[in-house]
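Close look at the chain arrangement
Below, each chain spelled out in residue letters.
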Amino acid sequence: MLSSRPAPNRHVGLVGWARENLFSTWLNSILTFLSVFVIGFVVIEVVPWIIQSSWTATSLNECRAAIIEAYGEGTHGACWAVIRERYLQLLYGFYPSDAYWRPNLALVLMLIAIAPILYPVLPRKMLLFSAVYPLLGIWLLWGGSLWTMISILLGFAIGYILMAASSRAFGTLTGLITATLGIIIYWIFAAVPLSELLQSIFPRLWLEPVESARFGGFMLSTTIGVTGIVSSLPLGILLALGRKSDLLIVKAICIGFIEFIRGVPLITLLFVASTLLNIFLPPGTNFDLILRVIIMVTLFSAAYLAEVVRGGLASLPRGQFEAADALGLDYWKSMRLVVLPQALKVSIPGIVSSFIALFKDTTLVSIIGLLDPLGLTNSIRADADWNGIIWELYVFVALIFFVFCFAMSRYSMYLERKLKTSHD
Amino acid sequence: MENKEIQTTDRLAVEITDMNKWYGSFHVLVDINLTVHEGERIVICGPSGSGKSTLIRCINCLEEHQEGTIIVEGTELSSDLKNIDRIRSEVGMCFQHFNLFPHLTILENCTLAPIWVRKTPRQEAEDTAMYFLEKVKIPEQAAKFPGQLSGGQQQRVAIARSLCMRPRIMLFDEPTSALDPEMIKEVLDTMIELAEEGMTMLCVTHEMGFARQVADRVIFMDEGQIVEQNEPEEFFSNPQNDRTKLFLSQILGH
Ligand SMILES: Nc1ncnc2c1ncn2[C@@H]1O[C@H](COP(=O)(O)OP(=O)(O)OP(=O)(O)O)[C@@H](O)[C@H]1O
Ligand SMILES: [Mg+2]
């Protein structure tokens with residue numbers, strides 16, 4: 001047996017650590033001192049600004065006076081009072097204040113709906129709730145009759161029944177076509193009268209409608225961001241598969257779509273959503289602006305996701321596809337059971353980056369007049385009381401965005417770790 | 001030898017007539033004619049690039065042929081989708097690099113196709129999987145992931161995975177050539193056992209001991225053609241064709 005002996009002194013303890021990591025060479029030492037200096041400078045400048053602040057005031061002038069009175073002449077402190085006074089607006093925009101419970105409830109239910117997707121240990125039955133949540137969330141946020149949502153949902157049930165019945169008799173493709181036609185016909189001709197009928201019989205399931213123009217703040221960002229994220233991932237996956245498909249037309253369409261969308265700035269697409277689309281739609285159609293923006297953001301993000309997922313698909317050895325084929329799995333089954341689980345796992349970092357980018361890009365909607373948090377800071381600064389205030393608002397907005405994005409980033413690291421330990 | 005006692009029936013498992021295949025302008029398979037009876041064990045050998053892999057991959061439609069007919073278990077292979085899936089679930093295949101699914105456990109690898117293709121109830125599929133894992137002598141690894149197994153163990157799992165579909169024909173494409181010598185034996189033993197049970201087998205392999213012991217017929221391919229085929233004794237002791245002689249002298253190290 002070899003007897004173990006302690007590591008040489010210069011490799012252990014705080015001194016050893018510092019010598020190895022901070023002062024290993026001359027250059028390293030210089031960089032260490034420079035970094036300490038810069039960090040110290042920032043802390044000395046910023047921390048007092050954050051702490052020597054005022055939380056109670058109704059205007060910027062009052063605020064400054066209060067800070068000088070408290071901390072002496074020449075002190076520059078943050079005026080957090082503006083956040084205290086306006087945070088509801090930054091969170092909800094101009095949503096009616098007596099209905100704040102609706103977005104709050106929608107948020108809580110959303111977390112419940114997302115949980116079983118993020119954490120597979122939760123009971124699979126919860127996915128049923130996740131499936132109906134989108135319509136429930138829309139109803140809570142925009143109001144109107146719950147019967148509208150229920151009758152829309154009924155369309156899916158009808159489609160499912162048609163699919164099951166006709167695919168047994170005539171094959172999958174026929175079943176799919178029958179089901180799609182059935183759903184569309186039902187939605188166009190029967191859904192509205194049905195929901196009106198039900199509404200007149202059971203009028204209690206009604207929430208005061210809220211127009212899209214009153215949406216704003218983080219509620220708006222979250223609505224656009226989460227809807228965009230949830231719908232762009234499946235679309236992106238389909239585009240990636242389409243791009244690798246043997247069917248030439250499908251392939252051409254997917255490549256064309258991806259390259260076009262990636263070649264155009266998001267702002268252009270948003271302008272198209274806000275103005276041009278009206279020209280193409282029949283006059284009098286009232287196609288909700290937020291919905292149009294969500295569609296554009298989704299398409300934009302899906303094109304990027306498609307490329308990320310394609311990278312993941314390309315990283316799989318050909319043998320995986322062949323083994324799945326050789327076992328008799330058809331295309332969709334081999335994609336779902338063999339190829340995508342592996343390809344998506346490889347793509348997690350890229351996918352989450354796209355999600356984070358999408359979420360931050362929701363601030364661009366202020367350009368077409370929607371009141372996202374940044375749009376609201378402009379209107380707050382235009383207020384005579386708060387004219388001249390900048391940093392406090394941006395710090396607050398940045399902080400909240402950071403919390404969201406950091407959470408996504410941490411989740412992706414958790415997921416990668418979890419998937420890793422179980423296989424390799 | 002005792003294993004040769006198993007009777008091959010008159011029913012045809014595979015019937016290939018005048019088959020030709022090209023990759024672009026490159027003629028990989030030239031006028032292939034081959035019939036395999038049910039229960040017959042065939043070893044295919046030949047120099048690298050001679051089209052051995054391509055030939056057996058044509059039998060379960062991993063590659064398409066352009067001319068001639070291939071009939072497998074009474075079904076002609078055409079580009080008709082329904083046939084392809086039926087053939088593939090009747091024909092098991094083992095690859096040189098195993099191609100296990102790394103994101104699934106050994107047991108899940110074995111139950112995936114029975115559950116999703118054959119619609120076998122999960123419990124039954126798992127019982128079948130355990131039966132075959134025991135047969136290849138690694139039931140204790142069922143809960144592990146492929147990355148945690150040795151190459152020989154992985155290849156035996158791959159064999160079990162194919163067997164779970166209860167195939168009528170097994171294809172092997174150089175199943176031992178990616179393995180270390182000490183692992184080759186464990187895989188070959190599994191294959192010998194399978195052969196002794198009367199499974200119809202087509203093996204691309206350079207394991208001449210294996211060919212001697214179990215094959216009913218050895219086929220030699222070169223430049224996309226079947227150059228010579230014969231019973232193993234005859235094939236090894238008395239090769240007819242010059243190319244066969246050259247190949248055998250190289251591979252047997254004379
Ligand atoms: N997808 C392909 N496209 C073009 N040529 C190919 C393709 N696959 C194989 N080939 C060519 O076809 C010929 C036969 O290939 P095949 O893999 O069948 O040979 P093999 O006998 O299995 O060789 P080895 O012993 O090296 O595995 C080779 O010359 C190879 O280069
Ligand atoms: Mg080969």
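Residues numbered from 1 in each chain as written. Chains lettered and ligands numbered in written order. Predicted model: local features only at pLDDT ≥ 70, side-chain atom pairs only at ≥ 80, totals over all residues. Heavy atoms only, no water.

**Section: the overall build of chain B**
Per the secondary structure count, chain B includes nine helices and ten strands. Taking 2.2 N^0.38 as the reference for a compact globule, 254 residues should give roughly 18 Å; the C-alpha atoms of chain B span a radius of gyration of 18 Å, in line with that estimate. Dimensions of chain B along its principal axes, counting C-alpha atoms only, are 55 × 45 × 35 Å. Across chain B, every contact between residues at least 6 apart in sequence was considered, and the portion connecting residues at least 24 apart equals 68%. Surface accessibility of chain B: about 11100 Å² in total, with carbon and sulfur atoms responsible for 47%. When the 24 positive and 40 negative side-chain charges of chain B are each reduced to one mean point, those points stand 4 Å apart. (Helix = DSSP H or I, 4+ residues; strand = E, 2+ residues; numbered from the N terminus. Rg over C-alpha atoms; globule rule 2.2 N^0.38 Å. Contact = heavy atoms within 4.5 Å. Areas by Shrake-Rupley, 256 points an atom, 1.4 Å probe, with all protein chains shown as cover. Lys, Arg positive; Asp, Glu negative; His and termini not counted. Charge placed at Lys NZ, Arg CZ, Asp CG, Glu CD.)

**What to know about empty space enclosed by the protein**
Residues and elements named next belong to chain B. Taken as a whole, this structure holds three cavities of 30 Å³ or more when the rule is applied. Space inside the largest cavity adds up to approximately 50 Å³. K135, V136, L163, T190, E193, L194 and E197 are the residues that line the largest cavity. With three residues, the single largest contributor to the lining of the largest cavity is helix 6 (residues 181-196). Considering only residue class, the lining of the largest cavity consists of three nonpolar, one polar and three charged. (1 Å grid on protein atoms, 1.4 Å probe; cavity = no way out; pocket = protein on both sides within 12 Å on 5 of 7 lines; lining within 4 Å. Points joined across faces, edges and corners; volume = space filled by probe spheres on them. Nonpolar A, V, L, I, M, F, W, Y, C, P; charged D, E, K, R; others polar.)

**Quick notes on the environment of V117(B)**
Structurally, the position occupied by V117(B) is in the loop between helix 3 (106-116) and helix 4 (122-135). It is 34 Å that separates the C-alpha atoms of V117(B) and V30(B), two residues lying 87 residues apart in sequence. Residues in contact with V117(B), not counting those within four places in the same chain, are L327(A), G328(A), L329(A), S89(B) and M165(B).

**Points about the confidence of the model for chain B**
Residues and elements named next belong to chain B. For chain B, the average pLDDT comes to 90, and 96% of its residues sit at 70 or higher. Throughout residues 1-5 the model reports pLDDT below 50, and contacts reaching past four residues in sequence, or to other chains, amount to 14 contacts. For this predicted complex, the interface confidence reaches an ipTM of 0.91, while the overall pTM sits at 0.87. (pLDDT = per-residue confidence, 0-100.)

**Digging into the packing of helix 3 of chain B against helix 5 (residues 151-163) of chain B**
Residue and element names in this part refer to chain B. As a packed pair, helix 3 and helix 5 sit with axes 8 Å apart at the nearest point and diverge in direction by 25°. Classified by the interaxial angle, the pair formed by helix 3 and helix 5 is roughly parallel. Relative to helix 5, the crossing made by helix 3 is right-handed. Within the contact between the two elements, helix 3 uses I106, N109 and C110 and helix 5 uses V157, A160 and R161. For the contact of helix 3 with helix 5, the class distribution of residues is four nonpolar, one polar and one charged. (Axes fitted to C-alpha atoms, helices over the stretch in contact; angles between N-to-C directions. Parallel < 35°, antiparallel > 145°, perpendicular 65-115°, else oblique. Left-handed = near helix turned anticlockwise from the far one by under 90°.)

**Remarks on the interface of chain A and chain B**
Interface extent is often summarised as the accessible area lost during association of the parts. On the side of chain B, 22 residues touch chain A, which itself brings 20 residues to the contact. Summing the contributions of chain A and of chain B, the shared interface buries around 2000 Å²; its carbon and sulfur component is 62%. On inspection of chain A and its partner chain B, the count reaches one salt bridge. Scanning the region where chain A abuts chain B turns up six residue pairs in polar contact (both at pLDDT 80 or more). Looking at which element gives the most residues to the side of chain A that touches chain B, the answer is helix 13 (residues 318-326) of chain A, with eight residues. The residue makeup of the side of chain A that touches chain B, split by class, is eight nonpolar, six polar and six charged. (Buried area = accessible area lost by both parts, 1.4 Å probe. Salt bridge = Lys/Arg side-chain N within 4 Å of Asp/Glu carboxyl O. Polar contact = N/O pair within 3.5 Å; in protein donor to acceptor, adjacent residues only side chain to side chain.)

**Digging into the environment of L207(A)**
Residue and element names in this part refer to chain A. As for its placement among the helices and strands, L207 is situated in strand 2 (residues 206-207). With 147 residues separating them along the chain, L207 and S354 place their C-alpha atoms 35 Å apart. Not counting the four nearest positions on each side in its chain, L207 is found in contact with W101, R102, W139, L140, G143 and G144.

**Details of helix 6 of chain B**
One turn of an α-helix holds 3.6 residues; hence residues three or four places apart share an orientation. All names here are of chain B. Here helix 6 spans 23 Å end to end across 16 residues, near enough to the 22 Å set by a 1.5 Å rise per residue. Tucked inside the fold, the buried residues of helix 6 contact strand 3 (41-45), helix 5, strand 7 (169-173), strand 8 (200-204) and helix 7 (208-214). Directly beyond the C-terminal end of helix 6, a positive phi value near 95° is found at G198. (Expected span 1.5 Å × (residues − 1).)

**Quick word on the nonpolar core**
Counting 132 residues, the largest nonpolar core has F215(A), I16(B), I32(B), I44(B) and L202(B) as its most contacted members. For this core, the leading source of residues is helix 14 (residues 331-361) of chain A, giving 13 residues. Apart from residues lying up to four places away in sequence, L202(B) is in contact with L34(B), V36(B), I42(B), I44(B), I56(B), I59(B), I169(B), M170(B), L171(B) and F172(B). In this structure, V136(B), M170(B), I192(B) and A195(B) belong to the second largest nonpolar core, which totals 46 residues. (Core = buried A, V, L, I, M, F, W, Y, C linked by side-chain atoms within 4.5 Å. Buried < 20%, exposed > 50% of the residue type's maximum accessible area, 1.4 Å probe, protein only.)

**Here's the deal with unusual backbone geometry**
Residue and element names in this part refer to chain B. Non-glycine residue E73 carries a positive phi angle of around 50°. Of note, N99 is a non-glycine position whose phi angle comes to about 55°, a positive value. Following the sequence through the fold, N99 ends up in the loop between strand 6 (91-94) and helix 3. Taking the relative accessible area as the measure of exposure, N99 reaches 10% and is therefore buried.

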